[in-house]
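# Chains, contacts and geometry: an overview
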Amino acid sequence: METWVIATGLIFLYVLVTIVLGFLANRAMSLDLEDFLLYGRKAGFVVLYLTVVATYHSAFAFLGAGGFFYRHGIGFWEAGTWTVLTGAITYTLGVRIWALGKRFSYITPADMLADFYESEAVRVVVALVSVLFTILYIQVQAQGLGYIISVASGDRISFEMGTLLLMIVAGGYLMAGGLRAVYWTDVVQGVWMYLAVWAGALVLSYRLFGGPLALWKRVAAERPDLLSLPGPEGFFTPGMWIGMSVALSFGIVLQPHIMIRYYTAVSGRTIRWLGATTPIFLMTLYIPAALVGLGGAIVLPDLTNPDQIFPELLVRYAPGWLTGLILAGATAAAMSTLDSILHANMTVLTRDVYQRYIAPDREPAHYVWVGRGIVLGLLVIGYILSVRTLGFLVTLVTLSGAGALQLLPGTLGVCYPTRRPFTKSGVLAGVGVGLTVLYVTLVTVPHALGIHGAIWSIAANFTTCITVSAFTKAPSDETIGRIHGAIEDYVYGSGEAGLEEALRSTPPLRLTPPAADSA
Amino acid sequence: MIGKEVPLSFRSHYLPRSRTGWIAVLAFLGLMTLVQPPLVFWVDSRFGSAWVLGMPFLYVYLGAVYFALIGVLIWAARRAV
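Attention shifts here to the overall build of chain B. Regarding its fold elements, chain B presents three helices and two strands. Shown N-terminal to C-terminal, the secondary structure of chain B runs as helices and strands in the order α-α-β-β-α. Looking at chain B residue by residue over its 81 residues, the buried ones come to 22%. In chain B, once contacts between residues fewer than 6 apart in sequence are set aside, the share between residues at least 24 apart is 56%.

Okay, structure coming up:
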């Protein structure tokens with residue numbers, strides 16, 4: 001059987017599995033907004049673990065990471081730093097976000113910030129930042145999907161057709177089963193992508209070099225410049241090292257598709273163990289990526305686009321079944337991020353825009369159907385963006401990695417009580433200045449003085465936020481006492497038992513009445 | 001309430017309040033310092049040519065510190081810090 005038949009067949013087998021899971025999730029869900037958008041806040045450790053890691057690692061882990069090692073060498077092993085930091089942030093900040101979400105029924109990041117800062121302007125700005133800087137990832141993941149299926153089929157399925165097909169599948173199971181469908185498919189996707197990357201890298205290193213250790217020796221002998229800092233092109237300067245650590249940990253955690261996941265956990269203990277153990281998956285996925293990228297630099301030194309190194313090596317040197325298995329894994333990596341971003345944007349637009357400003361008092365089923373309509377709209381926009389290359393989009397994608405990072409001061413202000421709390425004016429001014437500085441330091445003068453734009457922008461944001469907050473009106477005592485009191489009590493007081501007790505005695509205003517109807 | 005302290009009685013949430021909390025935070029920050037500039041660049045220039053277990057020293061060094069950092073997080077979770 002020809003390689004392209006096996007490869008394409010395995011990808012379609014994987015797609016079939018996701019469709020079946022979407023169907024089963026639809027049977028299990030109810031037309032309740034918390035169930036559709038937040039998995040009913042009942043996600044246990046295993047499901048939450050796999051959905052977080054599968055969402056965190058996108059097509060980049062398959063294509064971009066190998067390309068980075070290929071081009072910039074061992075410096076990209078710095079990736080371990082931001083993956084471990086992501087775990088620590090989840091452990092400390094994530095658990096507070098979870099507790100507040102549970103106590104006050106928050107669904108989106110904007111819910112939490114708008115409640116504390118008592119400001120609709122904060123809600124709108126947070127929603128805009130959340131959507132603007134993640135919607136572009138729909139385009140990135142969709143393009144990755146089109147590329148993968150095009151390579152797997154030997155160009156028998158065009159890039160445009162492949163993109164369209166896989167976007168419809170991802171959007172379809174999301175519309176059918178909500179976040180439950182996303183989580184169930186992410187479980188399969190997380191396992192598949194991890195095994196695929198490891199299997200592919202090990203098989204290639206044994207076939208091409210006789211094993212990983214022999215690979216390292218060849219790299220040292222033929223490309224020693226790849227084994228030292230700051231790398232062949234001088235990319236990994238100290239400023240870039242620190243900047244990437246911050247942007248790709250705090251910046252990604254604060255994106256809505258990750259932050260919303262904290263709300264969905266069944267308990268705070270689940271979040272703590274999530275934070276303690278997700279770095280194992282996230283970090284060790286870069287070990288095979290190093291083998292692929294560095295080995296590829298020896299075997300195929302003149303590749304025009306380094307991001308293609310993994311599929312190029314597979315197509316040339318791996319058996320057909322393995323190529324198919326791994327490309328299906330790459331499809332899983334891209335789809336698991338795509339569906340999560342679609343879900344996050346749907347949630348923000350349904351909750352923070354439609355329900356808040358357009359139709360506040362409708363039945364839960366109405367919002368579920370509106371959410372489905374929004375997914376459809378996002379798919380159309382995503383598809384158009386993915387088959388066209390527009391100049392301003394390239395700029396926005398450049399900004400998007402550190403865009404959500406600008407929500408850090410506002411989020412810390414809610415979750416970490418201080419004697420002088422931030423104010424809505426401080427947070428808004430900080431976001432405005434931070435985004436301006438981000439544009440300047442990533443587009444006009446990229447990484448000025450060798451320091452990543454994320455560092456410049458977040459420093460300007462914090463400085464502005466603190467300064468403006470010192471001279472403007474703070475949230476009311478009642479709000480600060482209510483929210484910071486809840487945090488104090490949860491973290492240092494009665495913990496989860498106290499939280500449950502508080503919910504029993506003064507249940508939060510339920511956003512939507514429960515409904516038992518099946519979708 | 002402009003530019004004034006909020007009249008709430010609380011202790012800092014940025015500082016640990018228990019011995020195990022202090023150990024976890026200091027261990028994590030100390031280890032993180034080992035994989036950040038300027039230390040990591042010094043390690044590369046000083047030991048860059050060395051090999052450990054058939055792999056470049058920097059690769060093994062970074063990997064070992066990352067696993068130690070994860071160990072601190074797991075230790076903290078087990079102690080419910």
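Moving on, there is more to tell.
Let us now look at the overall build of chain A. A tally of regular secondary structure across chain A gives 23 helices and zero strands. Taken against the 2.2 N^0.38 rule, which gives 24 Å for 519 residues, the C-alpha radius of gyration of chain A at 23 Å falls within 12% of a compact globule. Each principal axis of the C-alpha atoms in chain A carries an extent, and together these give about 65 × 55 × 45 Å. When each of the 519 residues of chain A is scored for burial, the buried share is 60%. Considering only contacts within chain A whose residues lie at least 6 apart along the sequence, 85% involve residues at least 24 apart.

Once that is clear, we can look at the interface of chain A and chain B. Counting residues at the interface gives 40 residues for chain A, matched by 33 residues for chain B. Taken together, the elements giving at least two residues each to the side of chain A that touches chain B come down to helix 5 (79-104), helix 9 (212-222), helix 10 (238-247), helix 13 (268-284) and helix 22 (477-492) of chain A. Ranked by the residues each element gives to the side of chain A that touches chain B, the list is headed by helix 13 of chain A, at eight residues. Residue classes in the side of chain A that touches chain B are distributed as 25 nonpolar, nine polar and six charged.

So, about the packing of helix 1 (residues 3-28) of chain A against helix 8 (residues 159-209) of chain A. Residue and element names in this part refer to chain A. Look at helix 1 against helix 8: their axes get within 7 Å of each other, and the N-to-C directions meet at 125°. With respect to helix 8, the axis of helix 1 lies oblique. Of the two elements, helix 1 crosses helix 8, and the hand of that crossing is right-handed. Between helix 1 and helix 8, the contacting residues are Tyr14, Val15, Val17, Thr18, Ile19, Leu21, Gly22, Phe23, Ala25, Asn26 and Ala28 on the first element and Val169, Gly172, Tyr173, Ala176, Gly177, Arg180, Ala181, Trp184, Thr185, Val188 and Trp192 on the second. Within the contact of helix 1 with helix 8, the residues separate by chemical class into 15 nonpolar, six polar and one charged.

With that settled, consider the confidence of the model for chain B. All names here are of chain B. When the pLDDT values of chain B are averaged, the result is 88; 88% of them are 70 or greater. Segment residues 1-7 is flagged for pLDDT under 50; beyond a separation of four residues in sequence, or across chains, it makes 15 contacts in the model. The complex model carries a pTM of 0.90, and its ipTM stands at 0.91.

All names here are of chain A. Considering the arrangement of structural elements, one finds His72 in helix 4 (residues 59-72). Look at His72 and you get buried, because 22 C-beta atoms sit within 10 Å. Spatially, the C-alpha atom of His72 lies 7.9 Å from that of Gly234, the residues being 162 residues apart in sequence. Not counting residues up to four positions away in its chain, the partners in contact with His72 are Gly231, Pro232, Glu233, Phe235 and Phe236.

Moving on to helix 3 (residues 45-56) of chain A. Counting along an α-helix, one turn takes 3.6 residues, and residues three or four places apart therefore face a common direction. Residues and elements named next belong to chain A. Taking 1.5 Å per residue as the helical rise, helix 3 with its 12 residues ought to reach 16 Å, and the 16 Å between its terminal C-alpha atoms agrees with that figure. Taking burial as the measure, the 12 residues of helix 3 include 10 buried ones, the bulk of the element. Those residues of helix 3 that sit buried are Val47, Leu48, Tyr49, Leu50, Thr51, Val52, Val53, Ala54, Thr55 and Tyr56. Where helix 3 is buried, its residues contact helix 8, helix 11 (250-253), helix 12 (256-263), helix 13 and helix 16 (320-358).

Looking now at the packing of helix 10 of chain A against helix 21 (residues 453-469) of chain A. Residues and elements named next belong to chain A. Close contact between helix 10 and helix 21 brings their axes to 7 Å; oriented N to C, the two are set at 65°. Contacts from Ile242, Gly243, Val246 and Ala247 in helix 10 reach Ala454, Ile455 and Ile458 in helix 21. The residue makeup of the contact of helix 10 with helix 21, split by class, is six nonpolar, one polar and no charged.

With that settled, the discussion passes to unusual backbone geometry. The residue after Leu229 of chain A, namely Pro230 of chain A, is reached through a cis peptide bond having omega 10°. Summarising the element assignment, Pro230 of chain A is placed in the loop between helix 9 and helix 10. Cis geometry marks the peptide bond from Pro37 of chain B to Pro38 of chain B, where omega comes out at 5°. Looking at where Pro38 of chain B falls in the secondary structure, it is placed in the loop between helix 1 (19-34) and helix 2 (39-47). The backbone of Glu118 of chain A sits at a positive phi, close to 50°, despite the residue not being glycine. As for its placement among the helices and strands, Glu118 of chain A is situated in the loop between helix 6 (109-117) and helix 7 (120-152). Judged by local crowding, Glu118 of chain A falls into the partly exposed class, with 16 C-beta atoms found within 10 Å. With a phi angle near 70°, Asp155 of chain A is a residue other than glycine that sits in the positive phi range. Along the chain, the position of Asp155 of chain A falls in the loop between helix 7 and helix 8.

Reading the values: the criteria
Residues numbered from 1 in each chain as written. Chains lettered and ligands numbered in written order. Predicted model: local features only at pLDDT ≥ 70, side-chain atom pairs only at ≥ 80, totals over all residues. Helix = DSSP H or I, 4+ residues; strand = E, 2+ residues; numbered from the N terminus. Buried ≥ 20, exposed ≤ 12 C-beta atoms within 10 Å, placed from the backbone. Contact = placed C-beta atoms within 7 Å. Rg over C-alpha atoms; globule rule 2.2 N^0.38 Å. Nonpolar A, V, L, I, M, F, W, Y, C, P; charged D, E, K, R; others polar. Axes fitted to C-alpha atoms, helices over the stretch in contact; angles between N-to-C directions. Parallel < 35°, antiparallel > 145°, perpendicular 65-115°, else oblique. Left-handed = near helix turned anticlockwise from the far one by under 90°. pLDDT = per-residue confidence, 0-100. Expected span 1.5 Å × (residues − 1).

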